Structure formats: structure tokens, C-alpha cells
Amino acid sequence: MPELWAGTDAGKAEHHCVVIDAEGKRRLSRRVANDETALLELIADVLALSEDGPVTWAIDLNAGGAAMMIALLTDNGQQVLYIPGRTVHHASGSYRGDGKSDAKDAFVIADQARMRRDIQVMHHGDDIAVGLRILTSRRLDLAADRTRAINRMRAQLLGYFPALERAFDYSTSKASLVLLTGYQTPAALRRIGRNRLAVWLKNRKVRNYRLVAATAVEAAEAQHTAVSGEKQAAAVVARLAREVMALDDEIAETDALIEARFRDHPHAEIILSMPGLGPVLGAEFIAHTGGDMSVFGTADRLPGVAGLAPVPKDSGRISGNMRRPRRYCRHLLRVFCLSAQVAARHCPLSKAFYERKRAKKKTHKQAVIALARRRLNVLWALLRDSRHFEISPPLRAASVG
């Protein structure tokens, strides 16, 4: 029975699939629409070509336009490998010809799947993991939109009212955003005055309304010059302030959805028992690992995927140099580095580990990365043994002499 490898160069509207045999000979090359009927027909033709032999599928996307094809292959019990586009790009240089086409890329994908043994089988996890991946990605987008809106708002304020721009931390102060929805110029703040502004803020349920009003009016009294374009800039600032508040509400709603979905996962309570890992970071961990540690094979594989296992960079007489791998999941690195920074402040065990690294002349970044790696190993062991994290490890039973 022949063994075949099917490489797919995925696109938004169309894919190109090339099938090769064990000798690297092309058995099929076809462009197919990104449509369920056309994709099912392609899968049936490739399986018929294999004469009931094994077929290994490889693709250069793991989401987006390739989602339909991956789902159909998975539903039909096919093994799918993920070969990143960057890997395909570098591998293409070793093949004959300088030209680039979808057919050539598909052939390179199939040939790399045929020759290499270090490519991991694609694993998307259960329905909870997939749902968390969607929700956490949406939350990251909302957080990025919020940061951009705040930066634009501060840039506008700096152009015509620098005293008010530096008076508040708009990324953390909701009161300052409420203030900007009503009053954005020095003249308007001086006109309403401290007492009436405090009442206006109080009616909108602003905490520390007296302090906020006093700070804003003080900034207004420091500037009596109206900058050109102030009226238009103030309107933009008010609109951006309302946009940031709306994003805050949507982020809070998304957090509630993430937590509810995350707590349905069987590993949720184990993950939450680790200091520094809350529902959002825990959900990101499940989203990008699928929650199944057996997929990674060994405890040393996951740190490599997360970018926490350094790789050597030796050449000639130079040895002992280590660097971060080029290919790793930045989402997992973010999860463990953020949780490590929180744990270094609030968990006695993590704090002691961090301080030991600092005592050895390690930088803050090096100490956090070392702590993140240690915590990843601990989390792996907890999930493997199905037990919760404890500050004090359980005492071993005394040996009977």
C-alpha cells in the first residue's frame, strides 16, 4: 500500500494541494475552492489515490482560512501536521528554482512532512479549549484597542491642554475618563468651578469626586491660553474617552464569559490553585495547550513550546552561549512570565526563589524567566498527578523501622 503526503498551501478563497509519494514524486496537484463540497471531494480523491494506505496531511495555517479544511480532515480521522509559513519560506530556498507559486509551496510543505520527524501533529483541544481561544483572542484585541484609544486621547490633550494630560493616569482612573466626557478645556473647567464640578462628578458616581474636581480645576487655572484647534481637539478627546469606557465595559463582559467557560474545564481548579494564575491567564493556558499535557509528550517539551527552554548558539571555539528559540508560542510565554511576576510578590515560595536568583547577580528579567520555568514544571506535575498546589508540601509518612 503506498504512503502519501498531502501538502496544502492555504489561502482565504482557495487552497492548492500537492500529493507526493515516498519517492517525492507528484501524484496530484490541484487548486481547490475553500468550500465544504470542494474540500470533501479533494479529500475523497486523495484517499482513493492512496488505495487505503496512510495519508499524512500538512498545512501552513492553523486557523483562519484553513479552519474549514482542518475541521473536515479531523472529522474524517486524518492526521494533520502544522508547518509554519516561516519554515516553508526558509525551506523553499533549498529547492530548485527561484520562482514562487502556490503549487511549489504546497510541494515544499508535503516534502517537508515526508522528510522531517520533528513536526508535531496538530491538536486543537476540546470544545472548551477552542471557545477559550476565541474569547481570549478577543480580549487581547479589546485591550490593544483600549491602549491605542488612550494613547490617541493623551496625544490630543497634550496638544492643547498639557496640564490636564499629566494630571491623571487615564489607563487606571475611570474618574478622569468620566470628567473628559463632559469637560475637556481649561475655560470650561474654570467656568464650572471646583464645587459644581464635584457635584457633577458625584452625580455620576465618581469616587474621590472632590479630589478629582480639585485636580482638574487646578490644571485649568494653570493655563489661560486657548490653543488653535482646541474646540475640535476637545470633541475628539470626549469621543475617545467614551470609547475607552465602552471598551472597559466590553472587556469586563468578556472576562465574565472567559471565567464561566474556564471553570467548566476539569483542570480549572488545579490551575487556579497556583499563585499568580487567575481565570484569564488560566484560560489562555488552556486555550493554547488544549488542556491535554499528553500532547507534548514529556515535561521538557512544553517549556520549549513556551519559549522558556534556551537553545545553544555555539560555533567553533565559541560555546556555552544560550538564546531563546526563534519558534515558540508567545501567548504561553506571556502567561508564565506575567504569573511569575505576580507570584514573586505574593507567593512565599516564588518570592524566595526569585530572591535567590537575584542574589546570584541575575537581572530581574533573568530571575523572572527562571521562576516562570520552575512554575511551568510545577504546573505540569500538578496536572499529571491531579492535585492542587500547596504552599507547604505534604509531609512524607515516616518509615516503619
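Quick caveat, the model's predicted, so the values are computed rather than measured.

Student: Give me the side chain of Asp111: which residues, what numbers.
Tutor: With respect to the helices and strands, Asp111 occurs in helix H4 (residues 102-115). Setting aside anything within four residues of it in sequence, one finds Asp111 in contact with Ile20 and Tyr95.

Student: Help me get a handle on the nonpolar core, residues and values and all.
Tutor: Among the nonpolar cores identified, the biggest contains 44 residues, and Leu132, Ile271, Phe285, Leu302 and Leu379 are the most heavily contacted of them. Secondary structure elements with two or more residues in this core: helix H5 (127-160), helix H10 (230-262), helix H11 (268-272), helix H12 (279-289), helix H13 (301-305), helix H14 (330-346), helix H15 (348-359) and helix H16 (364-385). Contacts of Ile271, omitting those with residues within four sequence positions, involve Phe262, Leu277, Gly282, Phe285, Ile286, Leu379 and Leu383. Grouped together as the second largest cluster of nonpolar side chains are 37 residues, Leu157, Val178, Val217 and Ala234 included.

Student: Just give me the short version of H16, but keep the residues and values in it.
Tutor: Taking 1.5 Å of rise per residue, the 22 residues of H16 would be expected to cover 32 Å, and the 32 Å separating its terminal C-alpha atoms lies within 8% of that figure. Considering only its buried residues, H16 is in contact with H11, H12, H13, H14 and H15.

Student: Which residues make up the side chain of Asp60, and what values go with them?
Tutor: By the secondary structure assignment, Asp60 is in the loop between strand S4 (55-59) and helix H2 (67-75). It turns out Asp60 is buried and unbridged, and the closest side chain with the opposite charge, Lys100, is 7.8 Å from it.

Student: Outline the confidence of the model for the protein, listing residues and values.
Tutor: This prediction gives the protein a mean pLDDT of 89; 97% of its residues lie at or above 70. Within the protein, the lowest mean pLDDT, 73, falls on strand S7 (residues 322-323), and the highest, 96, falls on H10. Of the regions scoring below 50 in pLDDT, residues 397-401 engages in 0 contacts with residues more than four places distant in sequence or in other chains.

Student: Describe the sheet that holds strand S2 (residues 14-20), listing the residues and the values that go with them.
Tutor: With mixed pairing, 5 strands are arranged side by side in an open sheet as S3-S2-S1-S4-S5. Of all strands in the sheet, those bounded by a partner on one side alone are strand S3 (26-33) and strand S5 (79-82). The average undirected angle you get between the axes of adjacent strands in this sheet is 20°. In this sheet, S2 lies alongside strand S1 (residues 4-9) in antiparallel orientation, the contact comprising 5 bridges. If you follow Asp9 over to S2, its bridge partner there is His16. Here H2 sits on the sheet in contact with S1, S2, S4 and S5, set at roughly 160° to S4.

Student: Give a detailed account of the packing of aromatic side chains, specifying residues and quantitative values.
Tutor: Considering all chains together, one arrives at 5 aromatic pairs under this definition. Residues Tyr160 and Phe161 carry aromatic rings whose centres are separated by 6.4 Å and whose planes lie at 50° to one another, so their mutual orientation is tilted. Both rings, one in Tyr183 and one in Trp200, keep their centres 5.1 Å apart while their planes meet at 80°; by these two values the pair is edge-to-face. With Tyr183 in the loop between helix H7 (174-182) and helix H8 (186-203) and Trp200 in helix H8, this pair connects stretches of sequence that are 17 residues apart.

Student: So what's going on with the environment of Thr254? Residues and values would help.
Tutor: Tracing the chain through its elements places Thr254 in helix H10. Judged by relative accessible area, which is 7%, Thr254 ranks as buried. For the pair Thr254 and Arg138, spaced 116 residues apart in sequence, the C-alpha separation works out to 8.0 Å. Apart from residues no more than four positions distant in its own chain, Thr254 is found in contact with Leu135, Arg139 and Leu142.

Student: Now, about a positive patch on the surface: what can you tell me, with residues and values included?
Tutor: A cluster of basic residues, Arg86, Arg301, Lys313, Arg324, Arg326, Arg327, Arg330 and Lys365, forms a positive patch on the protein surface. You can see Arg301 is positioned in helix H13. Residue class for Arg301 comes out partly exposed when judged on its relative accessible area of 36%.

Student: Now, about the environment of Gln156: what can you tell me, with residues and values included?
Tutor: Note that Gln156 resides in helix H5. As a C-alpha pair, Gln156 and Val236 span 80 residues in sequence and 7.7 Å in three-dimensional space.

Student: Talk me through the pattern of salt bridges; I want residue IDs and the actual numbers.
Tutor: Inspection of every chain in the model, using the stated rule, returns 17 salt bridges. Two residues, Asp111 and Arg114, come together in a salt bridge whose shortest N-O distance is 2.7 Å. Of this pair, Asp111 and Arg114 are both found in helix H4, 3 residues apart, which corresponds to roughly one turn of the helix. For the pair Asp111 and Arg114, a shared accessibility class is recorded, and that class is buried. A cluster of three or more residues bridged by salt bridges with shared partners is formed by Glu14, Arg31 and Asp102.

Student: Account for the pairing of S4, with residues named and values stated.
Tutor: Of all 5 residues in S4, 5 are buried; the element is thus mostly enclosed. Of the strand pairs in this sheet, S1 and S4 are connected by 5 bridges, and their pairing is parallel. Along S4, the bridge assignment pairs Leu4 with Val55.

Student: Can you explain the packing of H8 against helix H9 (residues 209-221)? Please cite residues and give values.
Tutor: The contact between H8 and H9 brings their axes to 8 Å, and the two run at 175°. With respect to each other, H8 and H9 are oriented roughly antiparallel. Contacts from Pro186, Leu189, Arg190, Gly193, Arg194, Leu197, Ala198, Leu201 and Lys202 in H8 reach Tyr209, Arg210, Val212, Ala213, Ala214, Ala216, Val217, Ala220 and Glu221 in H9. A class-by-class count of the residues in the contact of H8 with H9 yields 12 nonpolar, 1 polar and 5 charged.

Student: An account of H2 is requested, with residue identities and associated values reported.
Tutor: Restricting attention to buried positions, one finds in H2 the residues Met69, Ile70, Leu72 and Leu73. Down the axis of H2, the smallest arc covering the buried residues is 165°, so these residues share one side. After H2 finishes, the residue Gly77 shows a positive phi value of roughly 70°.

So, how was this worked out
- Residues numbered from 1 in each chain as written.
- Predicted model: local features only at pLDDT ≥ 70, side-chain atom pairs only at ≥ 80, totals over all residues.
- Heavy atoms only, no water.
- Helix = DSSP H or I, 4+ residues; strand = E, 2+ residues; numbered from the N terminus.
- Contact = heavy atoms within 4.5 Å.
- Core = buried A, V, L, I, M, F, W, Y, C linked by side-chain atoms within 4.5 Å.
- Buried < 20%, exposed > 50% of the residue type's maximum accessible area, 1.4 Å probe, protein only.
- Expected span 1.5 Å × (residues − 1).
- Lys, Arg positive; Asp, Glu negative; His and termini not counted.
- Salt bridge = Lys/Arg side-chain N within 4 Å of Asp/Glu carboxyl O.
- pLDDT = per-residue confidence, 0-100.
- Pairing = 2+ DSSP bridges.
- Axes fitted to C-alpha atoms, helices over the stretch in contact; angles between N-to-C directions.
- Phe/Tyr/Trp six-rings, centres within 6.5 Å; stacked < 30°, edge-to-face > 60°.
- Patch = residues over 30% accessible without salt bridge, like charges linked within 9 Å, V, L, I, M, F, W, Y side chains within 5 Å.
- Areas by Shrake-Rupley, 256 points an atom, 1.4 Å probe, with all protein chains shown as cover.
- Charge placed at Lys NZ, Arg CZ, Asp CG, Glu CD.
- Parallel < 35°, antiparallel > 145°, perpendicular 65-115°, else oblique.
- Nonpolar A, V, L, I, M, F, W, Y, C, P; charged D, E, K, R; others polar.
- Arc of directions from axis to C-beta.

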